[in-house]
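What follows is each chain in one-letter form.
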Amino acid sequence: MRFREKLYRFMQGRNGVDELARFENKVGFIALIAALVFTFVSALLRGRGLETASTVFRILNYVFYGFGILLLIHWIWRVFSRNVSKRQAENTRFLYRKQRISRSIASRKQKWRDRKTHKYFRCPKCGQKLRAPRGKGKIRVTCSKCSNVFLKKT
Ligand SMILES: [Zn+2]
């Protein structure tokens, strides 16, 4: 049997690589690289007689190294897991959170771009985020979500 075929058979019924696996893999390796950098920094500081600062970086080295290793173990365990439905549910939750974060970043960026032309505020009744052009005086705002009408200085 060829290696590819062997691998294919081995991976049957297992979760394999999904978006969460790719993320854990990336973050795990970044943590290990950071740990390595901290080791060098620690040695450099020790060489200059800065004992306390050196110890801080030594501790950072341990923390990042431990975190990276645990994440990579979890990454491998997920890829080879046979409980595919549970792993898929984890991946779905991960994608949902990732989407929520990227949306929140996008809305912050837009808020910053529009800061001179628009005012951002929330509906006092339901908390829906709203925006209105600045410098229009006191205006009547109708909430796009709950239709609540209120006055707002712009
Ligand atoms: Zn509302």
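Scoring rules and cut-offs
Residues numbered from 1 in each chain as written. Predicted model: local features only at pLDDT ≥ 70, side-chain atom pairs only at ≥ 80, totals over all residues. Heavy atoms only, no water. Pairing = 2+ DSSP bridges. Helix = DSSP H or I, 4+ residues; strand = E, 2+ residues; numbered from the N terminus. Core = buried A, V, L, I, M, F, W, Y, C linked by side-chain atoms within 4.5 Å. Buried < 20%, exposed > 50% of the residue type's maximum accessible area, 1.4 Å probe, protein only. Contact = heavy atoms within 4.5 Å. Donors = N, O, S within 2.8 Å, 3.2 Å for Na, K, Ca; no water. Tetrahedral: all angles 85-135°; square planar, octahedral: opposite > 155°, others 65-115°. Domains from an automatic or database assignment. Polar contact = N/O pair within 3.5 Å; in protein donor to acceptor, adjacent residues only side chain to side chain. Expected span 1.5 Å × (residues − 1).

### Focus: the pairing of strand β4 (residues 149-153)
Note: strand β3 (residues 138-142) against β4, five bridges, orientation antiparallel. Opposite Arg-140, over in β4, you have Leu-151 as the bridge partner. A loop of six residues connects β3 with β4, the two strands running antiparallel in sequence, and Ser-147 in this loop sits at a positive phi of about 65 degrees.

### Some words on the nonpolar core
Of all hydrophobic cores here, the largest spans seven residues; its members are Phe-121, Cys-123, Leu-130, Ala-132, Val-141, Cys-143 and Phe-150. Those residues in contact with Phe-121 that lie beyond four places of it in its chain are Gln-128, Lys-129, Leu-130, Arg-131, Ala-132, Val-141, Phe-150 and Lys-152.

### Focus: the coordination of the zinc ion
Taken together, Cys-123 (SG), Cys-126 (SG), Cys-143 (SG) and Cys-146 (SG) make up the full set of protein donors to the zinc ion, lying 2.3 to 2.4 Å away. In this structure, the zinc ion is coordinated by four donor atoms arranged in tetrahedral fashion, with angles at the metal of 109 to 111 degrees. Site description for the zinc ion: donor spacing in sequence, C-x2-C-x16-C-x2-C. By relative accessible area, Cys-126 is classed as partly exposed at 32%.

### Quick look at unusual backbone geometry
Notably, Ser-147 is not glycine yet its phi reads approximately 65 degrees, a positive angle. Within the secondary structure, Ser-147 is located in the loop between β3 and β4.

### Let's talk about the domain arrangement of the protein chain
Each assigned domain of the protein chain is listed with its residue range as follows: domain 1 (15-113) and domain 2 (117-154). For domain 1 and domain 2, the distance between their C-alpha centroids amounts to 40 Å.

### A word on the side chain of Arg-14
Tracing the backbone through its elements, the reader meets Arg-14 in the loop between α1 (3-11) and α2 (19-47). A polar contact is formed between the side chain of Arg-14 and the backbone oxygen of Phe-10, at a distance of 2.7 Å. Apart from the residues lying within four places of it in its own chain, the contact partners of Arg-14 are Val-79, Phe-80, Ser-81, Arg-82 and Val-84.

### Some details on helix α4 (residues 84-113)
The first and last C-alpha atoms of α4 sit 43 Å apart over 30 residues, in line with the 44 Å expected at 1.5 Å per residue. Within the span of α4, buried status applies to Arg-87, Glu-90, Asn-91 and Phe-94.

### Observations regarding the pairing of strand β2 (residues 129-133)
Only one face of β2 is covered, namely the one carrying Leu-130 and Ala-132; the face carrying Lys-129, Arg-131 and Pro-133 has none of its residues buried. As paired strands, strand β1 (residues 118-122) and β2 are joined by five bridges and run antiparallel to one another. Opposite Tyr-120, over in β2, you have Arg-131 as the bridge partner. Taking the residues between adjacent antiparallel strands as the criterion, β1 and β2 are bridged by six residues, where Gly-127 takes a positive phi near 85 degrees.

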